[in-house]
Amino acid sequence: MAAVSDPVELGLTWGPARPEPPPTRFHRVHGANIRVDPSGTQATRVESFAHGVCFSQEPLAPGQIFLVEIEEKELGWCGHLRLGLTALDPASLTPVPEFSLPDLVSLGHTWVFAITRHHNRVPREGHPEAEAMAPSRPPALLVEPYLCIEQFRIPRDRLVGRSRPGLYSHLLDQLYELNVLPPTARRSRLGVLFCPRPDGTADMHIVINGEDMGPSARGLPAAQPLYAVVDLFASTKSVRLVQLEYGLPSLQTLCRLVIQRSVVHRLAIDGLHLPKGLKDFCKYE
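Per an unreviewed UniProt entry, the protein chain is named Neuralized E3 ubiquitin protein ligase 2, and its organism is Phyllostomus discolor. As stated in UniProt under Pathway (unreviewed entry), the record for the protein chain gives "Protein modification; protein ubiquitination."

Caption draft 1: Representation of the nonpolar core. Within the largest apolar cluster, 32 residues are counted, with the highest numbers of intra-cluster contacts made by F66 and M204. Among the elements of the structure, β4 (66–73), β5 (82–86), β6 (110–114), β9 (189–196), β10 (201–208), β11 (211–221), β12 (227–231) and β13 (236–241) are those that each provide at least two residues to this core. In terms of residue count, the dominant contributor to this core is β10 (four residues). If we ignore the near neighbours within four places in the chain, the residues touching M204 are G84, L85, W111, F113, V192, L193, F194, G214, P215, S216, A217 and L220. Core analysis: the second largest hydrophobic core is formed by 13 residues, L67, V207, V242 and Y246 among them.

Caption draft 2: Here's a closer look at the environment of C148. Within the secondary structure, C148 sits in strand β7 (residues 146–149). Linking C148 and E211, residues 63 residues apart in sequence, is a C-alpha distance of 9.7 Å.

Caption draft 3: Just the sheet that holds β11, in detail. With respect to topology, seven strands assemble into an open sheet ordered β1-β2-β13-β4-β9-β10-β11, the strand pairing being antiparallel. Looking at the sheet topology across the chains shown, the edges are occupied by β1 (34–36) and β11. Put simply, the sheet's adjacent strands are angled 25 degrees from each other on average, direction ignored. Relative to β10, β9 is paired through seven bridges, and the arrangement is antiparallel. When the bridges of β10 are listed, F194 appears paired with M204.

Criteria and cut-off values
Residues numbered from 1 in each chain as written. Predicted model: local features only at pLDDT ≥ 70, side-chain atom pairs only at ≥ 80, totals over all residues. Heavy atoms only, no water. UniProt positions renumbered as here; feature names shortened; annotations may be inferred. Core = buried A, V, L, I, M, F, W, Y, C linked by side-chain atoms within 4.5 Å. Buried < 20%, exposed > 50% of the residue type's maximum accessible area, 1.4 Å probe, protein only. Helix = DSSP H or I, 4+ residues; strand = E, 2+ residues; numbered from the N terminus. Contact = heavy atoms within 4.5 Å. Pairing = 2+ DSSP bridges. Axes fitted to C-alpha atoms, helices over the stretch in contact; angles between N-to-C directions.

Written out as C-alpha cells, the structure reads:
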C-alpha cells in the first residue's frame with residue numbers, strides 16, 4: 001500500500017530514491033449507476049443523477065494527484081462533480097452510499113467537497129485571513145512549468161484541460177490555462193492530493209486546471225491509507241483519468257512540448273511532416 005508515509009522534507013520530488021507511483025485506476029467497488037471501462041480509467045454514470053461515487057483503486061502516495069478530466073456532461077440536473085479523500089477502505093463499503101455528500105462523509109474519516117470556483121480554504125491558527133483568501137494566479141507569461149504545493153513539485157503541463165481540436169480550440173485552450181472557464185466545464189481537469197505535515201497529519205488540496213485551490217481540509221491521518229473519492233453527481237456524467245509524469249519527463253513528452261511551442265496553435269500540427277501517432281499525441285494529450 002502506497003499511502004503510509006514517512007516525514008518529508010521541503011522541496012521533495014520524485015526520483016530514484018522515491019520511485020514514481022503506479023498509474024491510477026478506478027476501484028472495482030463503486031456506485032450502483034457507475035460503469036468503469038475495461039482499462040479502469042474511465043467512469044460513466046449510466047442513469048439517474050445519483051449512485052455515482054467512485055474511488056481510486058489504491059491509496060494515494062503523498063503528493064500523488066488523482067486527476068480526472070470531465071468527458072461528458074448531462075443537461076437537466078442541478079449540481080456537479082464532488083472530489084475528496086477517504087480513509088475508509090472502499091472494499092468494506094457494502095453497499096456504496098448513494099451520495100458522497102452527506103452520506104459517505106457521515107460515515108467519518110472522509111473529506112469531500114463540491115467543486116466550485118471559490119473553493120473552501122482552511123486557515124491555519126493565527127492566520128485567519130491571509131490563507132482564507134483565494135489563491136492568486138500569476139500572469140500567463142510568468143507561469144512556472146511546475147506547480148508547487150507545500151513540499152511537492154509537480155509538472156504543470158498535463159494538469160491543465162485542453163479542448164478537442166477544432167475551429168476555436170486555440171482560444172478555448174487559453175481559457176483553460178487562465179482558469180476562467182467554469183471548473184466543471186467539459187475538458188476541465190480536476191485533481192486531489194494530500195501533503196503530510198511534521199505532526200503526522202496531512203492537508204488535502206484540490207487542483208483545478210493547474211491551479212492549487214489551497215488546503216481544503218487539515219488534520220487528515222497521514223499514516224492511514226487515503227483513497228481518492230470522485231462523485232459523478234448530477235450534471236457530471238463521465239470522467240477519465242489523466243496519468244502524470246512526476247519525475248523527469250519522457251522523450252515523447254519533451255518532443256510534444258517542443259512541437260507545441262513551435263506552432264501557432266494545435267490545428268497547425270496537421271501540416272507538419274510527422275508520423276500520425278506523434279501528431280495525435282501532440283493534439284490530444
